[in-house]
Amino acid sequence: MVLVVAGLNFAWFWVEAAVALAIGSVALFADSVDFLEDTSINLLIAIALGWGARHRAIAGKVMAGILLVPAAAAVWQAVSKWGDPAPPEATWLVLTAGSAALVNGLCAWLLVRFRHEGGSLSRAAYLSARNDVLVNVAIIAMGGVTVLTDSGWPDIVLGLGIVALGIHAAAEVWEVASEEHLAAKALAGEPLD
């Protein structure tokens, strides 16, 4: 299942990145980078689920770091657009975000039953897909605000909101991975630090 989700995310990364760059959207660009991050998470899950608890916990901490990639991309785009906040083309923005919401919704639906299995890795994949649907809905709403205000600031503000969401998800995954690491040490009879 995670390989299907990885494939969907990789394919949609290219579509969304091309549109984001063409229309100059910070939020859509951050979301496109997030599709690439989701591809990485799901590929790592496909490889790491057969590993022991200790190695899965380490991989979970790596995933927490990977969750910060779209946050960094959004900050970079926001800073580069700060001096000239031209509004992105709203029609393409809304159409692209709407179709991305469908892809992300399908991915979340495919992963929902695995979110409590496989520890931090499965949780990372599910949280990422779920958060992506929320981000896509917010991008659609921001498209409407952009039309009303004819301003690029809603796009920048939403891009920074994506940063906050990415940091929160990374913290959740890190916490679960840390708990798994402690549990693996306890099972091995090692001292808990």
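Above this text you will find the structure in question.
Residues numbered from 1 in each chain as written. Predicted model: local features only at pLDDT ≥ 70, side-chain atom pairs only at ≥ 80, totals over all residues. Heavy atoms only, no water.

Undergrad: Talk me through the pattern of salt bridges; I want residue IDs and the actual numbers.
TA: As enumerated under the stated definition, the model contains 1 salt bridge in all. Among the ionic pairs, lysine 81 bridges to aspartate 155, the shortest N-O distance being 3.2 Å. Linking lysine 81 in helix H4 (residues 69–81) with aspartate 155 in helix H7 (residues 153–187), this pair joins segments that are 74 residues apart in sequence. A residue is classified by how much of its surface remains accessible, and lysine 81, at 10% relative accessible area, is buried. When its relative accessible area of 0% is taken as the criterion, aspartate 155 is described as buried. (Salt bridge = Lys/Arg side-chain N within 4 Å of Asp/Glu carboxyl O. Helix = DSSP H or I, 4+ residues; strand = E, 2+ residues; numbered from the N terminus. Buried < 20%, exposed > 50% of the residue type's maximum accessible area, 1.4 Å probe, protein only.)

Undergrad: Can you tell me about the nonpolar core, naming the residues and giving the values?
TA: Grouped together as the largest cluster of nonpolar side chains are 27 residues, with contacts concentrated most on Phe35, Ile41, Met63, Leu67, Leu111 and Val173. Only helix H1 (2–23), helix H2 (26–48), helix H3 (53–66), helix H5 (90–111), helix H6 (119–149) and H7 provide two or more residues apiece to this core. Element by element, the count of residues in this core is highest for H5, at 6 residues. Counting residues in each nonpolar core, the second largest holds 19 residues, with Phe29, Leu93, Val135 and Ile139 among its members. (Core = buried A, V, L, I, M, F, W, Y, C linked by side-chain atoms within 4.5 Å.)

Undergrad: Could you give me a rundown of the packing of H2 against H5, with the residues and numbers involved?
TA: At a minimum axis separation of 11 Å, H2 and H5 run at an interaxial angle of 20°. By the criterion of interaxial angle, the relationship of H2 to H5 is roughly parallel. Handedness of the crossing formed by H2 with H5: left-handed. Residues Leu28, Asp31, Phe35, Asp38 and Asn42 of H2 form the contact with H5, whose own contacting residues are Leu93, Thr96, Ala97, Ala100, Val103, Asn104 and Leu111. (Axes fitted to C-alpha atoms, helices over the stretch in contact; angles between N-to-C directions. Parallel < 35°, antiparallel > 145°, perpendicular 65-115°, else oblique. Left-handed = near helix turned anticlockwise from the far one by under 90°. Contact = heavy atoms within 4.5 Å.)

Limitation: the analysis is restricted to geometry and does not speak to function.
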